[in-house]
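Structure at a glance
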Amino acid sequence: MKILVAVKRVIDYNVKIRVKTDETGVETANVKMSMNPFDEIAVEEALRLREKGAATEIVVVSMGVQQCQETIRTALAMGADRGIHVKTDSELQPLAVAKLLARIIENEMPDVVILGKQAIDDDASQTGQMLAGLLNWPQGTFASKLDLADGKATVTREVDGGLETVLLGLPAIVTTDLRLNEPRYASLPNIMKARKKPIEELTPEEMGVDVAPRLTTLKVTEPPQRTAGVKVETVAELVDKLKTEAGVI
Ligand code: AMP
């Protein structure tokens, strides 16, 4: 049983995002980048499935600039077996990523593909769903539990107001939610071992995939500044302010 995991390089979740002064996007120069947190959960889940004996090989895929190889190395240090890097300096939107993944999947033929439920930079939450559509595979999105047995995946999904459990025939697409697991840290020996693990390099051109953006970003702006609150002494003062200043009653 082979598991393929998609890992995206994004701005580290601890970094305070700064919008570029020309409002074309966010500042990425000299900013700490890391693996998308939901993708760390995806790698961890694949590792646990292998440890339980439900999987034998874990392949991680990342797409984008040369430094994506660092993200792949992080996954290899966590324990994945090998990596695939689709190198491009072009902007990759979810449809392009889904098409590239579909092409890789045709070759690799994994039984399960695990992605994050969303990338914390574009917040699109589209890639896994588009990939399932392109491949015509079943999908279990926003997973908080995943079991593989008898050629099927049982996925517990986080849905509004509760949990939904779905049974999928394999091969299938799964996207991870926060509660699925807590990712491990890579140990030093494993970081050393990861240096020797193979990373295959491809480009969208040699894969014959058109990655041209379909959407144009018109403008990126900071959220409006919050104004400071005030303390009121009495309920009467509060009601007065709500009437006369806020104008909400
Ligand atoms: P999104 O649809 O952009 O919110 O991303 C959802 C998931 O798709 C991410 O958590 C990753 O697992 C995968 N993904 C998106 N973009 C990339 C990329 N450039 N390289 C690898 N995986 C990606």
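None of these values were measured; they are calculated from a predicted model. (Residues numbered from 1 in each chain as written. Predicted model: local features only at pLDDT ≥ 70, side-chain atom pairs only at ≥ 80, totals over all residues. Heavy atoms only, no water.)

**Let's talk about the nonpolar core**
- With 33 residues, the main nonpolar core has I3, V5, V43, V60 and L146 as its most contacted residues.
- For this core, the secondary structure elements donating two or more residues are β1 (2–6), α1 (37–51), β4 (57–64), α2 (68–78), β6 (112–116), β7 (139–149), β8 (152–159) and β10 (172–176).
- No other element matches the seven residues that α1 contributes to this core.
- For I3, the contacting residues outside a window of four places in its chain are A46, L49, A55, E57, I58, V59, V112 and I114.
- Counting 26 residues, the second largest nonpolar core, distinct from the first, contains A96, L100, A132 and W137. (Core = buried A, V, L, I, M, F, W, Y, C linked by side-chain atoms within 4.5 Å. Buried < 20%, exposed > 50% of the residue type's maximum accessible area, 1.4 Å probe, protein only. Helix = DSSP H or I, 4+ residues; strand = E, 2+ residues; numbered from the N terminus. Contact = heavy atoms within 4.5 Å.)

**Digging into the sheet that holds β8**
- One open sheet accounts for nine strands, arranged β9-β8-β7-β10-β6-β1-β4-β5-β11; its pairing is mixed. In the strand order of this sheet, the two ends are held by β9 (162–169) and β11 (199–202), each with one partner. Direction aside, neighbouring strands of the sheet carry axes that sit 30 degrees apart on average.
- Where β7 meets β10, three bridges bridge the pair, whose relative direction is parallel. Residue pairing in the sheet places Q139 in a bridge with I173 of β10. (Pairing = 2+ DSSP bridges. Axes fitted to C-alpha atoms, helices over the stretch in contact; angles between N-to-C directions.)

**With respect to the pattern of salt bridges**
- On inspection of all chains with the given rule, the structure shows 18 salt bridges.
- A salt bridge links K52 to D147, with the nearest nitrogen and oxygen atoms 3.9 Å apart. Placement of K52 in the loop between α1 and β4 and of D147 in strand β7 is noted, with a sequence separation of 95 residues between them.
- In this structure D147 comes out as partly exposed when scored by relative accessible area, which is 31%.
- In this structure, E108 engages R82 in a salt bridge whose closest nitrogen and oxygen atoms are separated by 2.7 Å. Of this pair, E108 sits in helix α3 (residues 94–108) while R82 sits in strand β5 (residues 82–87); the two residues are 26 residues apart in sequence, bridging distant segments of the chain. Here E108 and R82 have matching classes, each one buried. (Salt bridge = Lys/Arg side-chain N within 4 Å of Asp/Glu carboxyl O.)

**Brief notes about the pairing of β8**
- Where β7 and β8 come together, six bridges link them in antiparallel fashion. From the neighbouring strand, D147 faces β8, where its bridge partner is T154.
- Connecting β7 to the next strand, β8, in antiparallel fashion are two residues, including D150 with a positive phi near 50 degrees.
- Bridging between β8 and β9 involves eight bridges; their strand directions are antiparallel. Considered in β9, the bridge of T154 is made with L167.

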